[in-house]
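Observations on the model geometry
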Amino acid sequence: MKASEAPTIQHPSWNQYRNRIIAAIADVEVMMQQLGKGINSEVLTEEVAERLMMEIDTPEAYEALLKLVRATRAIAREGLRMTREEQGGQYALLLV
């Protein structure tokens, strides 16, 4: 999929797309935590696109994905925190 063809908030598959972005962010965040490293939003955006096999094909599409990553990163982190608490620090994330 090309980033420029990603669903927008008005599209029926928006929630599914947003959830996939959140899951990809969580996956990258876990990897970074395991490595003991941080990651900025720009690199995270590229990692998310790679995990979703999404081609960032235009500057506008990159900016839209970057904004979505920034907006949902806290949601992904909170989900990781809750999962960690529920499972005593052990968890596995699956990308949908």
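Residues numbered from 1 in each chain as written. Predicted model: local features only at pLDDT ≥ 70, side-chain atom pairs only at ≥ 80, totals over all residues. Heavy atoms only, no water.

Residues other than glycine seldom take positive phi values, yet Met 53 does so here, at roughly 50°. Along the chain, Met 53 falls in the loop between helix 2 (41–51) and helix 3 (59–86). When its relative accessible area of 69% is taken as the criterion, Met 53 is described as exposed. (Helix = DSSP H or I, 4+ residues; strand = E, 2+ residues; numbered from the N terminus. Buried < 20%, exposed > 50% of the residue type's maximum accessible area, 1.4 Å probe, protein only.)

Attention shifts here to the environment of Ala 3. By the secondary structure assignment, Ala 3 is in the segment before helix 1 (14–35). Judged by relative accessible area, which is 9%, Ala 3 ranks as buried. Each C-alpha atom of the pair Ala 3 and Arg 20 lies 13 Å from the other, and the pair is 17 residues apart in sequence. Residues within four places of Ala 3 in sequence aside, it is in contact with Met 54, Glu 55, Ile 56, Asp 57 and Ala 61. (Contact = heavy atoms within 4.5 Å.)

Take the pattern of salt bridges next. Evaluated as defined, the whole model comprises six salt bridges. The salt bridge involving Asp 27 is made with Arg 51; its shortest N-O contact spans 2.8 Å. Of this pair, Asp 27 sits in helix 1 while Arg 51 sits in helix 2, placing them 24 residues apart in sequence. Among the residues examined, Arg 51 registers a relative accessible area of 22% and is labelled partly exposed. One salt bridge connects Glu 47 with Arg 51, and the closest N-O pair in it is separated by 2.8 Å. (Salt bridge = Lys/Arg side-chain N within 4 Å of Asp/Glu carboxyl O.)

All chains considered together, the criterion is met by one aromatic pair. Considering the side-chain rings of Trp 14 and Tyr 17, the 6.0 Å spacing of their centres and the 50° angle between planes classify their relative orientation as tilted. With Trp 14 and Tyr 17 both in helix 1 and three residues apart, this pair spans about one turn of that helix. (Phe/Tyr/Trp six-rings, centres within 6.5 Å; stacked < 30°, edge-to-face > 60°.)

Read these as spatial facts, not as claims about activity.
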